[in-house]
Amino acid sequence: MAYNEALANRVRTYLTHHPSYEEKKMFGGLAMMLNGNMCCGVVGEELMARVGPDRYEDSLRVEYVRQMDFTGKPLRGMVYIAAAGVSKEDELAIWVGLSEAFALSLPPK
């Protein structure tokens, strides 16, 4: 599956300043990693955000957000945000910020 390169470039502007930043192809898209932990990514036209278990339920109440169900069952702590939900920079900044904070709260791999 291809991923939206323009969205990936927008996400990169928030994360590439981290010395541990790297990218990996996963989930049929592109995952952005911090300290070896998945932070967020782009799958098709959607942002994949790793918000963590504490913010998961609240995230699902936001318009354009749905469960990440890549395996056929929901992956708790991870959500997809439709393109319409990250079309503005402030919207994207919120989701990337939540994902960044969660990834950096984990021990490095």
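The structure under discussion appears in the preceding block.
Residues numbered from 1 in each chain as written. Predicted model: local features only at pLDDT ≥ 70, side-chain atom pairs only at ≥ 80, totals over all residues. Heavy atoms only, no water.

Chemist: Go over the pattern of salt bridges, please, and point to the residues and values.
Modeler: For side chains bearing opposite charge, pairing can occur when the charged atoms are close. All told, the structure shown has seven salt bridges when counted by the stated rule. Taking the shortest distance from any N to any O, the salt bridge between Arg10 and Glu89 comes out at 2.7 Å. Note that Arg10 is positioned in helix α1 (residues 5-15) and Glu89 in helix α3 (residues 89-105), a separation of 79 residues in sequence. Since its relative accessible area comes to 22%, Arg10 is described here as partly exposed. Since its relative accessible area comes to 40%, Glu89 is described here as partly exposed. (Salt bridge = Lys/Arg side-chain N within 4 Å of Asp/Glu carboxyl O. Helix = DSSP H or I, 4+ residues; strand = E, 2+ residues; numbered from the N terminus. Buried < 20%, exposed > 50% of the residue type's maximum accessible area, 1.4 Å probe, protein only.)

Chemist: Give a detailed account of the sheet that holds strand β6 (residues 78-81), specifying residues and quantitative values.
Modeler: The strand order β1-β2-β3-β4-β6-β5 describes an open sheet built from six strands, whose pairing is antiparallel. Every other strand in the sheet has two partners, leaving β1 (22-26) and β5 (65-67) as the edge strands with one partner each. Across the sheet, the mean angle from the axis of one strand to that of its neighbour is 30°, orientation sign disregarded. Both strand β3 (residues 37-43) and strand β4 (residues 46-50) contribute to a ladder of four bridges, which runs antiparallel. Among the inter-strand pairings, Cys40 is bridged to a residue of β4, identified as Ala49. Packed onto the sheet, α1 meets β1, β2 (29-34), β3 and β4 and runs at close to 0° relative to β2. (Pairing = 2+ DSSP bridges. Axes fitted to C-alpha atoms, helices over the stretch in contact; angles between N-to-C directions. Contact = heavy atoms within 4.5 Å.)

Chemist: Lay out the packing of α1 against α3 in plain terms, naming residues and giving numbers.
Modeler: Their axes nearest at 10 Å, the elements α1 and α3 cross at an angle of 60°. If you check the angle between α1 and α3, you find them oblique. Crossing geometry of α1 relative to α3 is assigned as right-handed. Note on element contacts: α3 touches α1 through Glu89, Leu92, Ala93, Val96 and Glu100, opposite Leu7, Arg10, Val11, Tyr14 and Leu15. A per-class count over the contact of α1 with α3 returns seven nonpolar, no polar and three charged. (Parallel < 35°, antiparallel > 145°, perpendicular 65-115°, else oblique. Left-handed = near helix turned anticlockwise from the far one by under 90°. Nonpolar A, V, L, I, M, F, W, Y, C, P; charged D, E, K, R; others polar.)

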